[in-house]
Amino acid sequence: MKRRIVTFLFALPGLWAGVAPAQTNGAGAPIRIGLIAPLSGGSADFGTSMHHGARLAVDEINALGGYLGRPLELVVRDDRAVPDTGLAAAEELVQRERVDFTIGFCNTGVALRALEVFERARHLLMVPCSQGTAVTTRTPPAKSHVFRMAPRDDMNAAALVREIVDRRGLKRVALLADRTGYGEGGLRDLTAQLAQRGLAPVHVARFALGVTSLRDELAQARAAGAEAVVNYTVGPEQAVAVRSRAELGWRVPYFAPWPLSFASVLQQAGPDALEGTLTVQSIIQDAAHERRSTFIARYAKAYPAERPIGSLMAAAQSYDAVHLMLRALFQTRGATDGPALKAALEDLREPYRGVVTTYDKPFDATDHDAFSERMIWLGEWKRGRIVYHDPSDARLSAMIRRKRE
């Protein structure tokens, strides 16, 4: 079994060959990885999956000796999806705990509040979940120490508007968005995509987190003649929206970013209310993809209480983030200062065959996002599970989608 794990994790040419630590002092000392995620509150569904995905990768790597005998150690903080709490966690990990690098943030508003802590300290931050466009564009990549393993919201908006307007020919689009930084950014990206096609939303509704009904907002969208609805918000409010749509008996095409796919949305809204709704995804469970199937099986064994996975995207992207950082460590010969890790990530020498995709030169000095538009899928809720919306995508699912041709 151990031989199979070694092959599974590290069968990459040159990863181990000819690599030695930069120095022998501190050999055996742990490499401390900060992790910031919403582990309680309304966003705990994908925060827990993010934490578990990172933990699974760390445990697997440590079972094989860590980085040249140095174990990886997670130093975990709960941001509770509260921006000021996330800021305090970032300051604690960077300034007092002095972790070697950080993996963090699911909520865009929380990430944006804390980014300056990492940039000012030149501390490497790898973002596995937060998709707000501004997270990796606020500081130009040439000067930034922030990288991301999730599709940007401007890519998600482009994919959604392409399906709604270009493929379906629908022009009367209503936009709903929560009043967080995530909703604000998504609304801005969607409006820009519509404007490129000479369109404007026929109705825009904003709402606070914690709402228990969105019937009025959806009724107003229906009265405005909306042919499609896009809702930019997190899991609990996605459940509220699809339940409210069902209560109105309005079967308008419903689109959303990735929080629509969370297991908690299915539990709170039920399969009937979700049937036929569509969401942008970086990964869809697929038996034809061996690496993905193996990861899901290992995750289920490690965390049997989390069935189904709260967020497959959060878990897989966080898992892949740890493995990419390990490759950066080999390239820096164990140096963990931010500039060294930044330089390594911007010129990774070996591809990594990850769970979500194969990462081949995922970053460079002008681009700190691992995803391009060609790497994302449109998923659809059918009979209580997410499947490929386009049958041709399902047929191509075993093929590798890289950032560039």
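In what follows, the structure referred to is the one given above.
As the structure is a prediction and not an experimental result, all values here were calculated from the model.

What counts as what
Residues numbered from 1 in each chain as written. Predicted model: local features only at pLDDT ≥ 70, side-chain atom pairs only at ≥ 80, totals over all residues. Heavy atoms only, no water. Buried < 20%, exposed > 50% of the residue type's maximum accessible area, 1.4 Å probe, protein only. Helix = DSSP H or I, 4+ residues; strand = E, 2+ residues; numbered from the N terminus. Right-handed = clockwise from strand over helix to strand, strands pointing away. Pairing = 2+ DSSP bridges. Axes fitted to C-alpha atoms, helices over the stretch in contact; angles between N-to-C directions. Contact = heavy atoms within 4.5 Å. Polar contact = N/O pair within 3.5 Å; in protein donor to acceptor, adjacent residues only side chain to side chain. Salt bridge = Lys/Arg side-chain N within 4 Å of Asp/Glu carboxyl O. Phe/Tyr/Trp six-rings, centres within 6.5 Å; stacked < 30°, edge-to-face > 60°.

Caption draft 1: Region of interest: the pairing of strand β1 (residues 31–37). Judged by how many residues are buried, β1 sits mostly within the fold: six of seven residues are covered. Read as a crossover between parallel neighbours, the route from β1 over helix α2 (residues 44–63) to strand β2 (residues 72–78) is right-handed. Where β1 lies against strand β3 (residues 101–104), four bridges are found, and the strand directions are parallel. Residue pairing in the sheet places Gly-34 in a bridge with Thr-102 of β3.

Caption draft 2: Fine view of the pairing of strand β6 (residues 173–178). Burial runs high along β6: six of the six residues are buried. Neither face of β6 is exposed, since Val-173, Leu-175 and Ala-177 on one face and Ala-174, Leu-176 and Asp-178 on the opposite face are all buried. Taken together, the five bridges between β6 and strand β8 (residues 228–232) define a ladder with parallel strand orientation. Note that in β8 the partner of Leu-175 across the bridge is Val-230. In the sheet, β6 pairs with strand β7 (residues 203–207) via five bridges, with the strands oriented parallel. Paired with Ala-177 across the strands is Arg-206, a residue of β7.

Caption draft 3: Highlighting the sheet that holds β2. The five strands lie next to each other as β2-β1-β3-β4-β5, forming an open sheet whose pairing is parallel. If you trace the sheet from one side to the other, it starts and ends with β2 and β5 (146–148), each paired once. Strand after strand, the sheet turns through a mean of 25° between neighbouring axes, direction not considered. Where helix α12 (residues 312–332) meets the sheet, its contacts fall on β1, β2, β3 and β4 (125–127), and the angle it forms with β3 comes to roughly 160°.

Caption draft 4: Region of the structure containing the environment of Asp-153. Positionally, Asp-153 belongs in helix α5 (residues 153–167). Considering only alpha carbons, one finds Asp-153 and Tyr-232, 79 residues apart in sequence, at a separation of 10.0 Å. At a separation of 3.1 Å, a polar atom in the side chain of Asp-153 contacts the side chain of Asn-156.

Caption draft 5: Broad picture of the pattern of salt bridges. Throughout the structure, instances matching the rule amount to 17 salt bridges. Of the charged contacts in the structure, one is a salt bridge between Arg-148 and Asp-369, with a shortest N-O distance of 2.8 Å. Here Arg-148 is found in strand β5, whereas its partner Asp-369 is found in the loop between β12 (358–359) and β13 (377–382), with 221 residues between them in sequence. Judged by relative accessible area, which is 0%, Arg-148 ranks as buried. Overlapping salt bridges, with partners in common, bring together Arg-32, Glu-73, Arg-77, Glu-92 and Glu-97 in one network.

Caption draft 6: A look at the environment of Leu-378. In this structure, Leu-378 sits in strand β13. Along the sequence, Leu-378 and Tyr-388 sit ten residues apart, while their C-alpha atoms lie 6.3 Å from each other. Leaving out residues up to four positions away in the same chain, Leu-378 has contacts with Leu-160, Glu-163, Leu-278, Thr-279, Val-280, Ile-284, Val-387, Tyr-388 and His-389.

Caption draft 7: Fine view of the packing of aromatic side chains. For the structure on display, the rule yields twelve aromatic pairs. A centroid spacing of 5.1 Å and a plane angle of 80° characterise the contact between Phe-147 and Phe-363, whose relative ring orientation is edge-to-face. Remark: Phe-363 occurs in the loop between β12 and β13 and Phe-147 occurs in strand β5; sequence separation between them is 216 residues. Accessibility expressed as a relative area gives 0% for Phe-147, which makes it buried. By the ring-pair criterion, three or more aromatic residues cluster together here, those being Phe-295, Tyr-299, Tyr-303 and Tyr-319.

Any link to function would need more than the numbers given here.
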